[in-house]
Amino acid sequence: MLIHRWDQSLDEREWRTFLAEHPFGDLVATGRNRDLAVVVPTQFVLDGDEVVIHLARPNPIWAAIDENDQVMVCVAGDWAFIPSSWKALRDEDPRLGIPTTYYASVQLVGTARMIDEVDGVAGLLRQQLAVFQPTEDVVDPADHGVRLRAIRGLRIAVSDVRAKFKFGGNVDEEHRVAVAARLHDRNGPGDTAALMHLRRRIDGPTD
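Residues numbered from 1 in each chain as written. Predicted model: local features only at pLDDT ≥ 70, side-chain atom pairs only at ≥ 80, totals over all residues. Heavy atoms only, no water.

Participant: I would appreciate a short explanation of the side chain of Ser-9 in the present structure.
Facilitator: With respect to the secondary-structure elements, Ser-9 resides in the segment before helix H1 (12-21). A polar contact of 2.7 Å, which involves the side chain of Ser-9, links it to the backbone oxygen of Asp-11. Side chain to side chain, Ser-9 and Glu-14 meet in a polar contact 3.2 Å long. Setting aside its immediate chain neighbours within four residues, Ser-9 contacts Glu-14, Trp-15, Ala-163, Phe-165 and Arg-201. (Helix = DSSP H or I, 4+ residues; strand = E, 2+ residues; numbered from the N terminus. Polar contact = N/O pair within 3.5 Å; in protein donor to acceptor, adjacent residues only side chain to side chain. Contact = heavy atoms within 4.5 Å.)

Structure follows, in structure tokens:
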């Protein structure tokens, strides 16, 4: 992923907040000597510097991870298309505007460790349930007994984070403010989230 200087994450909190709000992405494993990588859409939990995932045992990604334990979790979202005319101010020709798409994307690279033991899988599920449905009254995952053998757990120790927030950082503040007004007025799917990112880049991060 190409990340220009102006598209870099403002700070660690920014990309962590994005992942907390978008806990669903693609798990990618390249394996060894394969024509194609294996890509699996999945829910996940980011706990500190560790990604926690569980998948069905028949999933084809396990063989690829067994061949090569270096994997990636990719998440993209908060996208909004910016038409050409939005990039033109005052006497600028709107026909010469360059359309673009605003979006956020975070890629987590790390070493995967498969969890097969029932106790380990149950512990992983407890961790996920505490994040995804903390107020639900459910039995302890261990109470599912042998059914836990239908899934495997995965813990990924994150070694590298690639975060991109492409929200007009390559233009001056006046043009960004103009686009922000257009996003506010259009108020389409994704526009509110994109506007939030754009305004943060105009105003700067807050403590």
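Participant: Please explain the sheet that holds strand E3 (residues 45-47) as it appears in this structure.
Facilitator: The strands that make up a sheet pair up through hydrogen bonds in the backbone, lying either parallel or antiparallel. Taken together, seven strands build an open sheet; the order of strands is E2-E1-E5-E6-E7-E4-E3 and the sheet is antiparallel. The strands lining the two open edges of the sheet, one partner per strand, are strand E2 (38-43) and E3. Each strand axis lies, on average, 35 degrees off the axis of its neighbour in the sheet, ignoring direction. Note: strand E1 (residues 24-29) against E2, six bridges, orientation antiparallel. In the strand pairing of E2, Val-28 is matched with Val-39. The sheet contacts of helix H5 (residues 191-203) involve strand E5 (70-82), strand E6 (100-115) and strand E7 (151-166), and relative to E5 the element is tilted by about 95 degrees. (Pairing = 2+ DSSP bridges. Axes fitted to C-alpha atoms, helices over the stretch in contact; angles between N-to-C directions.)

Participant: Sorry, what's going on with the pattern of salt bridges here?
Facilitator: Oppositely charged side chains can pair when the atoms bearing their charge come close. Scanning the model with the defined rule gives 13 salt bridges in all. Between Arg-200 and Glu-14 there is a salt bridge, and its shortest N-O distance comes to 2.8 Å. Of this pair, Arg-200 sits in helix H5 while Glu-14 sits in helix H1, placing them 186 residues apart in sequence. Residues Glu-174 and Arg-90 are paired through a salt bridge, measuring 2.3 Å at the closest nitrogen-oxygen approach. One end of the pair, Glu-174, is in helix H4 (residues 173-186); the other, Arg-90, is in the loop between E5 and E6, with 84 residues separating them in the sequence. By relative accessible area, Glu-174 is classed as partly exposed at 39%. For Arg-90, a relative accessible area of 68% corresponds to the exposed category. (Salt bridge = Lys/Arg side-chain N within 4 Å of Asp/Glu carboxyl O. Buried < 20%, exposed > 50% of the residue type's maximum accessible area, 1.4 Å probe, protein only.)

Participant: Just to check I follow, could you spell out unusual backbone geometry for this structure?
Facilitator: Glycine aside, a negative phi is what most residues show, and trans is what most peptide bonds show. A positive phi is found at Asp-78, a non-glycine position, where the angle reads about 55 degrees. At Asn-187, a residue that is not glycine, the phi angle is positive and equals roughly 55 degrees. Assignment of secondary structure puts Asn-187 in the loop between H4 and H5.

Participant: I keep staring at the pairing of E1 and nothing clicks. Help me out?
Facilitator: Consecutive residues of a regular strand have side chains that alternate between opposite faces of the sheet. Bridge analysis of E1 against E5 gives four bridges, and the strand direction is antiparallel. In the strand pairing of E5, Asp-26 is matched with Cys-74.

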